[in-house]
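# Structural features, examined
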Amino acid sequence: MSLLTIEHLTQRFGEKILYEDASLRVNKGDHLGLTGQNGVGKSTLIKILTGEILADDGAITWQNNIKIGYLDQYMEVTGESTISEFLHQAYQPLYEIESKINELYSIYGETGEDKLLERAGTLQTHLDESDFYQIDPIINDLANGLGIEAIGLDRSMKELSGGQRSKVILAKLLLEEPDVLLLDEPTNYLDDTHIQWLISYLTNFDGTFILVSHDYHFLNAVTNCICDIEFGKLTKYTGNVEKSFAQKELNKESYLKQYHAQQAKIEKAEAYIRKYKAGNRATLAKSRQKQLDRLERLTPPGSLMTPHIVFPYQPIVASLALITDQLVIGYEKPLLAPIDLSVHSGEKVAIKGFNGIGKSTLIKTLTGKIKSLSGEFQYPANTKIAYFSQDLTWKNDYLTPLAYLSDRFPKKTVKEIRTFLAKCGLPDKLVNQKLRLLSGGEQTKVKLCELTMETSNLIFLDEPTNHIDVAAKESLREAIQDYQGTIIIVSHEEEFYADIADRIINIEEMIR
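Residues numbered from 1 in each chain as written. Predicted model: local features only at pLDDT ≥ 70, side-chain atom pairs only at ≥ 80, totals over all residues. Heavy atoms only, no water.

## A short note on the overall build of the chain
Helix and strand content of the chain: 16 helices and 17 strands. Seen through its principal axes, the chain has C-alpha atoms that stretch 105 × 80 × 40 Å. Sequence-distant contacts in the chain: of pairs separated by 6 or more residues, those separated by 24 or more amount to 71%. Accessible surface computed for the chain: about 26,100 Å², of which carbon and sulfur atoms make up 48%. With 56 positive and 71 negative side-chain charges, the chain shows a spacing of 14 Å between the two charge centroids. (Helix = DSSP H or I, 4+ residues; strand = E, 2+ residues; numbered from the N terminus. Contact = heavy atoms within 4.5 Å. Areas by Shrake-Rupley, 256 points an atom, 1.4 Å probe, with all protein chains shown as cover. Lys, Arg positive; Asp, Glu negative; His and termini not counted. Charge placed at Lys NZ, Arg CZ, Asp CG, Glu CD.)

## Considerations on the domain arrangement of the chain
Domain boundaries in the chain define domain 1 (1–67 + 178–239), domain 2 (80–169), domain 3 (246–294) and domain 4 (320–510). The C-alpha-based centres of domain 2 and domain 3 are spaced at 67 Å. (Domains from an automatic or database assignment.)

## Description of the sheet that holds strand E16 (residues 486–490)
Read from one edge of the open sheet, 5 strands run E14-E15-E16-E12-E17, paired in parallel fashion. Strand pairing shows two members of the sheet lacking a second neighbour, strand E14 (385–388) and strand E17 (503–506), which therefore form its edges. This sheet shows a mean twist of 15 degrees between the axes of neighbouring strands, independent of strand direction. Alignment of strand E15 (residues 458–462) against E16, held across 5 bridges, turns out to be parallel. (Pairing = 2+ DSSP bridges. Axes fitted to C-alpha atoms, helices over the stretch in contact; angles between N-to-C directions.)

## Focus: the side chain of His194
When you line up the elements, His194 lands in helix H7 (residues 192–203). Classification of His194 by relative accessible area gives buried; the value is 7%. Only 3.4 Å separates the side chain of His194 from the backbone nitrogen of Gly147, close enough to count as a polar contact. Those residues in contact with His194, other than ones at most four positions away along the chain, are Asn144, Gly145, Leu146, Gly147, Lys167 and Phe354. (Buried < 20%, exposed > 50% of the residue type's maximum accessible area, 1.4 Å probe, protein only. Polar contact = N/O pair within 3.5 Å; in protein donor to acceptor, adjacent residues only side chain to side chain.)

## Points about the packing of helix H12 (residues 401–408) against helix H14 (residues 440–452)
Between H12 and H14, whose axes approach to 11 Å, the crossing angle comes to 25 degrees. Taken together, the axes of H12 and H14 lie roughly parallel to each other. Crossing of H12 over H14 shows right-handed handedness. Only Val446, Cys449 and Glu450 of H14 make contact with H12, whose side of the interface consists of Pro401, Tyr404, Leu405 and Arg408. (Parallel < 35°, antiparallel > 145°, perpendicular 65-115°, else oblique. Left-handed = near helix turned anticlockwise from the far one by under 90°.)

## What about the pattern of salt bridges?
Applying the stated criterion across every chain yields a total of 16 salt bridges. One salt bridge connects Asp228 with Lys248, and the closest N-O pair in it is separated by 2.8 Å. Of this pair, Asp228 sits in strand E8 (residues 225–230) while Lys248 is found in helix H9 (residues 241–276), placing the two residues 20 residues apart along the sequence. Asp228 gets classed as buried once you look at its relative accessible area, which sits at 4%. Given the relative accessible area of 16%, Lys248 is considered buried. Connected through shared salt-bridge partners, Asp228, Glu230 and Lys248 make up one network. (Salt bridge = Lys/Arg side-chain N within 4 Å of Asp/Glu carboxyl O.)

## Digging into the packing of helix H3 (residues 92–111) against helix H4 (residues 114–129)
H4 packs onto H3 with a crossing angle of 160 degrees between their chain directions and a minimal axis gap of 9 Å. Here H3 is positioned roughly antiparallel relative to H4, judged by the angle of their axes. Crossing of H3 over H4 shows left-handed handedness. Residue-level inspection shows Leu94, Ile97, Glu98, Lys100, Ile101, Leu104, Tyr105, Ile107, Tyr108 and Thr111 of H3 in contact with H4, the latter providing Asp114, Leu116, Leu117, Arg119, Ala120, Leu123, Gln124, His126 and Leu127. A class-by-class count of the residues in the contact of H3 with H4 yields 12 nonpolar, 3 polar and 4 charged. (Nonpolar A, V, L, I, M, F, W, Y, C, P; charged D, E, K, R; others polar.)

## Focus: the state of the cysteines
Any covalent bond linking the sulfur atoms of two cysteines counts as a disulfide. Following the criterion strictly, the structure yields 0 disulfides and no others. Among the cysteines around Cys227, which has no disulfide bond, Cys225 carries the closest sulfur, lying 8.9 Å off. Given the relative accessible area of 0%, Cys227 is considered buried. Cys449 forms no disulfide, and the closest cysteine sulfur to it belongs to Cys424, at a distance of 4.3 Å. Judged by relative accessible area, Cys449 falls into the buried class, the value being 0%. (Disulfide = S-S within 2.5 Å.)

## Section: the sheet that holds strand E11 (residues 339–344)
A sheet is described by the order of its strands in space; here 3 strands give the open sequence E11-E10-E13, paired in antiparallel fashion. Strands at the two margins of the open sheet, each flanked by one partner only, are E11 and strand E13 (374–378). Neighbour-to-neighbour, the strand axes of the sheet open up by a mean angle of 5 degrees, direction not taken into account. By the bridge criterion, 4 bridges tie strand E10 (residues 320–328) to E13 in an arrangement that is antiparallel. Considered in E13, the bridge of Val328 is made with Ser374. Packed onto the sheet, helix H11 (residues 359–366) meets E10, E11 and E13 and runs at close to 115 degrees relative to E10.

## Considerations on the packing of aromatic side chains
Taken as a whole, this structure holds 11 aromatic pairs when the rule is applied. The interplanar angle of 85 degrees and the centroid separation of 5.0 Å between the aromatic rings of Trp394 and Tyr404 together place this pair among those described as edge-to-face. Of this pair, Trp394 sits in the loop between E14 and H12 while Tyr404 sits in helix H12, placing them 10 residues apart in sequence. Aromatic ring contacts, followed pair by pair, group Trp197, Tyr201, Phe205 and Phe209 into a single cluster. Sitting above the plane of the Phe245 ring, Lys248 keeps its charged end 5.4 Å from the centroid. Positioned above the aromatic ring of Phe409, the side-chain terminus of Arg408 is 4.7 Å from the ring centre. (Phe/Tyr/Trp six-rings, centres within 6.5 Å; stacked < 30°, edge-to-face > 60°. Lys NZ or Arg CZ within 6 Å of the ring centre and 35° of its normal.)

## Some words on the environment of Ala271
Tracing the backbone shows Ala271 in helix H9. Judged by its relative accessible area of 33%, Ala271 is partly exposed. Here the alpha-carbon distance between Ala271 and Pro312, two residues 41 residues apart in the chain, equals 51 Å.

## Here we look at the environment of Ile68
Among the secondary structure elements, Ile68 is positioned in strand E5 (residues 68–70). In the structure, Ile68 is positioned 425 residues away from Glu493 in sequence and 28 Å away in space, judged by C-alpha atoms. The residues touching Ile68, leaving out its near neighbours within four places in the chain, are Trp62, Pro178, Val180 and Leu182.

## Description of H3
Compared with an ideal rise of 1.5 Å per residue, which puts 20 residues at 28 Å, H3 spans 28 Å between its outermost C-alpha atoms and is within 8% of the ideal. Listing the buried residues of H3 in full gives Leu94, Ile97, Ile101 and Leu104. Around the axis of H3, the buried residues are gathered within 65 degrees of arc, so they sit on the same side. Relative to its buried face, H3 has exposed residues pointing more than 90 degrees away, namely Gly109 and Glu110. Summarising the contacts, the buried residues of H3 are in contact with H4. One or two steps after H3, the chain reaches Gly112, where phi turns positive at roughly 75 degrees. (Expected span 1.5 Å × (residues − 1). Arc of directions from axis to C-beta.)

Below is the structure:
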């Protein structure tokens, strides 16, 4: 029996059709990756499976008594718990058993009833067979694997950044060991080392998981089957991404042959009907028309948008693009030792280091979003900076992409803005959709579009690949490579920047 059965699923958002009469079966042991271009409904499908969103039509059936774990990166954390206390909550059922045992012994001391001892013994056996007496080592190992120890287990959950909190929530979810994991972009806030740890964990995970990720290297390493979402359908393939996409291409070629053969047959029949519908063969022509009317026509193959991102360059005469002198970054306390850094004009620099160490803080300091604690940094005259922030936050998310960019660039015509959005991979039908209703990848494309609409000679990119699909990612890589100015990029995907970066700076070497 399947762990999960999806039948006749249909979901629409306004005029946008995500799925239409789609079906899927997920079996025990499936390590399934959800793939598809931005906006096809990958994250929405996860939310439908959790019940957060009700489908317009169709049936979602889970096997009875299945324990489901969902990585909700926007989960509200209440109370004043520390990271350690929050992680220990994963073992709350075992702590409740321990409390019950103590209660039974206490009552036995008053009543002397042997049944109480038997009950306590049964519960104690359950604790002995569980991980109860290994909780602290297990938590410490997991915290080390995901880089949480570097944050500090005694830190309050309320003090954490969004990325740090997501990492801790992921750790708690893994500690709970559900039968099925639902993971939406779990690598977004992990650095290379901790992604490798997660790959090892998921590869050896005995249960089932359904995973959304635009990191195809990661997907390829952990999946044994793929569900590709395209043209409103869910198609399951056996094997990892590489094997599944090879099969997808074969299926696509076969489908195109069938489609073109059917089109030729239809055109031939229609020509016959036009020629003879009023002549001696009118009866035969009517018969052919009836056959055409009954024909189940294959859906025309759609054309997916291919982004073409270009960052316009404003010339500048300078040998150095950035110099820092004993720059100290942080909020109340310094995060790193004083930074002395020089970046040459036209250089592509990647900054790496574990999550939470201060990569984004450095970029926010250099772009003036936050103040430095001490030291200084300098740019040459006529420097024009463009900045991409990883945060998908908007002052007014009820605006449409068209309205938002019209406010930012009032001199641009509606036609020009639509053209810029199209080049960044956002379909024309979405330019008048509210920002809050767009997928993470679609919102990212709007933010990237801003950078393509203004000239610059120094661009800061903070995790620009977090939500975007393969086509957009490849176009972004080409845009970085072709840009004549200076680019400083933070990304957890080393394979994205490794062959285009002139220099890689490991910020871990700057720890105080």
